[in-house]
Amino acid sequence: MNKEKSRAAFAEAKKYIPGGVNSPVRAFANVGSEPLFIKKAKGSKIYDTDGNEFIDYVGSWGPMILGHAFSGVVNAIKSAAERSPSFGAPTELETEVARLICETAHIDKVRMVNSGTEATMSAIRLARGYTRRDMIIKFEGCYHGHSDSLLIKAGSGALTFGTASSAGVPADTARHTLVLPYNDIDAVNGAFKQFGEEIAAVIVEPVAGNMGVVPPKNGFLHELRRLTGEYGAVLIIDEVMTGFRVSPSGACGLYGIDADIVTFGKIIGGGLPVGAYGGKREIMDFVSPDGPVYQAGTLSGNPIAMAAGAAQLSYLKDNPWIYDKIEGRAAALEKGLRDAAAEAGVDVCINRVASMLSIFFTKNEVTDFKTASSSDEGKFKKYFLAMLDNGIYLAPSQFESVFLSLAHSDEDIEKTITAAKKAFSLL
């Protein structure tokens, strides 16, 4: 594979950008390689600056559920851009997207922001303001963005680089965050018994996607709902990754969870920089200007992101068959990978929820951070590079998800399984 232009682009980027990338995992350091610089994408395919074509399973880390450059979204962006990229003032499009989110996700009110990180940061502030408490519970291996309160033993990029927390997070901030094992309801019970009157919120990825895909154990989310209700804490379900992906009403709808606050990411903007947090009316009414919890942003609800979001969310709402179709392809991919690994005699654990899946190189069941960490990262590195050489673009980290889209075809799945057979044979 020719990588000459990507190598030159990376060398140039490192002169001006820390590490040559604007998000750490993109650097490919954990897989012992250098990043490909992407030129364009369409449907299920992505193309680098050297002209190499790949079947893409990153999908901008999840939001491209309809595929890259989906015509309805692209046309909406073009039309909005012609009217001006930003007003810093209210638009009817904001209300349209808010209505779509509220009706589909079954929440009362929603506030637009600019990223998933901003959404979770704002949700935590709101929970603290609403309860007048300081402490929060998060789960080891779950990643909720890079705000100080949440970058404590985080997953995703921080996990990839083997750090438990980030430099620059004050100890006084960290001490207000309790970190518990994911899927361990006994630990949550214990925390509430000890600190129940101090806990403002529990924040959780309903399907962990930043230590690889790890589904919730039966009853785990419902017990979180019960305990937070019993102790007067706020349950925050972080659907930045799962919202409008694992079902039309996200993971809350899939598992039947009545969250107090739900956070969303770039899928609500067709892949553009956007996020949102929303929930029950009595809690959301604490947000300024109605209430005392301040949060603002000049580009919040900007017209281009709202136009793209309205196009994407409307299409998903009007075509619910999309979810079954994508999940069917994901199930076929899961089966093909299992069969290929078994044929090669390679121990794997494959976790899948709807159109998200991860392959772990371990014979253990993966249910939390500890078991996810048992995966053989050396084997993943070889697997990743072999798949890339065979035209399959995966996230360059063991601890991420594969995302399928409506654009992935049966032929794409067959080519991916064939590539996996070759990759497994090298392990």
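Residues numbered from 1 in each chain as written. Predicted model: local features only at pLDDT ≥ 70, side-chain atom pairs only at ≥ 80, totals over all residues. Heavy atoms only, no water.

Per an unreviewed UniProt entry, the chain is named Glutamate-1-semialdehyde 2,1-aminomutase, and its organism is Candidatus Ornithomonoglobus intestinigallinarum. The chain has a UniProt comment under Catalytic activity (unreviewed entry) that states "(S)-4-amino-5-oxopentanoate = 5-aminolevulinate". Entered under Subcellular location (unreviewed entry) in the UniProt record, the comment concerning the chain runs "Cytoplasm". (UniProt positions renumbered as here; feature names shortened; annotations may be inferred.)

(A) A look at helix H7 (residues 185-195). Along H7, the residues classified as buried are Ile-185, Val-188, Asn-189, Ala-191 and Phe-192. Taken down its axis, H7 places every buried residue within 165° of arc, on the same side. Turned more than 90 degrees off the buried face of H7, the exposed positions are Asp-186, Lys-193 and Gln-194. Packed against the buried residues of H7 are strand E5 (135-140), strand E6 (177-181), strand E7 (199-204) and helix H8 (220-231). Between the side-chain oxygen at the start of H7 and the backbone nitrogen of Asp-186 there is a gap of 3.2 Å, and the oxygen is on Asp-184. (Buried < 20%, exposed > 50% of the residue type's maximum accessible area, 1.4 Å probe, protein only. Helix = DSSP H or I, 4+ residues; strand = E, 2+ residues; numbered from the N terminus. Arc of directions from axis to C-beta. Contact = heavy atoms within 4.5 Å. Polar contact = N/O pair within 3.5 Å; in protein donor to acceptor, adjacent residues only side chain to side chain.)

(B) How the structure looks around the confidence of the model for the chain. Summing up the model confidence of the chain, the mean pLDDT is 94 and the portion of residues at 70 or higher is 97%. Contacts from residues 154-164, a stretch scored under 50 in pLDDT, to residues over four places away or in other chains number 27 contacts. (pLDDT = per-residue confidence, 0-100.)

(C) Structural detail: the pattern of salt bridges. Inspection of every chain in the model, using the stated rule, returns 16 salt bridges. Taking the shortest distance from any N to any O, the salt bridge between Lys-109 and Asp-285 comes out at 2.7 Å. Taken together, the residues Lys-109 in strand E4 (residues 109-113) and Asp-285 in the loop between helix H10 (281-284) and helix H11 (303-318) connect sequence positions 176 residues apart. As a salt-bridge pair, Lys-280 and Asp-258 come within 3.3 Å of each other at their nearest N and O atoms. Taken together, the residues span a long stretch of sequence, with Lys-280 in the loop between strand E10 (275-279) and H10 and Asp-258 in the loop between helix H9 (250-255) and strand E9 (261-264) at a distance of 22 residues. In the salt-bridge network here, residues are joined through shared partners; they are Arg-225, Asp-258, Asp-260 and Lys-280. (Salt bridge = Lys/Arg side-chain N within 4 Å of Asp/Glu carboxyl O.)

(D) Examining the packing of aromatic side chains more closely. All told, the structure shown has 14 aromatic pairs when counted by the stated rule. For the ring pair Phe-361 and Phe-424, a centre distance of 6.3 Å and an interplane angle of 65° mean the geometry is edge-to-face. Highlighted residues: Phe-361 in the loop between strand E12 (356-360) and helix H13 (369-372) and Phe-424 in helix H15 (residues 410-425), separated in sequence by 63 residues. Ring centres of Tyr-383 and Phe-424 lie 5.4 Å apart, and the angle between their planes is 20°; on these two criteria the pair is classed as stacked. Here Tyr-383 is found in helix H14 (residues 377-389), whereas its partner Phe-424 is found in helix H15, with 41 residues between them in sequence. Residue classification places Tyr-383 among the buried positions, given a relative accessible area of 2%. The buried category is assigned to Phe-424, whose relative accessible area is 1%. We note Lys-40 situated over the ring of Tyr-47; from NZ or CZ to the ring centre the distance is 5.2 Å. (Phe/Tyr/Trp six-rings, centres within 6.5 Å; stacked < 30°, edge-to-face > 60°. Lys NZ or Arg CZ within 6 Å of the ring centre and 35° of its normal.)

(E) Looking closely at the sheet that holds strand E11 (residues 349-353). The antiparallel open sheet is built from three strands, whose spatial order is E11-E12-E14. Sheet topology places E11 and strand E14 (402-403) at the edges, where each strand pairs with a single neighbour. By the bridge criterion, five bridges tie E11 to E12 in an arrangement that is antiparallel. Opposite Val-353, over in E12, you have Met-356 as the bridge partner. (Pairing = 2+ DSSP bridges.)

(F) Highlighting the side chain of Asp-368. Within the fold, Asp-368 resides in the loop between E12 and H13. Of the side chains bearing the opposite charge, Lys-217 lies closest to the buried Asp-368, which forms no salt bridge; the N-O distance is 6.3 Å. Among residues more than four places away in sequence, those in contact with Asp-368 are Tyr-182, Met-211 and Val-214. (Lys, Arg positive; Asp, Glu negative; His and termini not counted.)

(G) Layout of empty space enclosed by the protein. This structure, assessed with the given rule, holds three cavities of 30 Å³ or more. In this structure, the largest cavity encloses a volume near 150 Å³. Surrounding the largest cavity, 17 residues form its lining, Ile-359, Phe-380, Tyr-383, Leu-394 and Val-402 being those nearest its centre. Among the secondary structure elements, those contributing two or more residues to the lining of the largest cavity are helix H12 (321-344), E12 and H14. Taken as a whole, the second largest cavity spans an internal volume of roughly 60 Å³. As for the second largest cavity, its lining consists of 14 residues, and the residues nearest its centre are Gly-59, Met-64, Phe-403, Ser-405 and His-408. Considering only residue class, the lining of the second largest cavity consists of five nonpolar, seven polar and two charged. (1 Å grid on protein atoms, 1.4 Å probe; cavity = no way out; pocket = protein on both sides within 12 Å on 5 of 7 lines; lining within 4 Å. Points joined across faces, edges and corners; volume = space filled by probe spheres on them. Nonpolar A, V, L, I, M, F, W, Y, C, P; charged D, E, K, R; others polar.)

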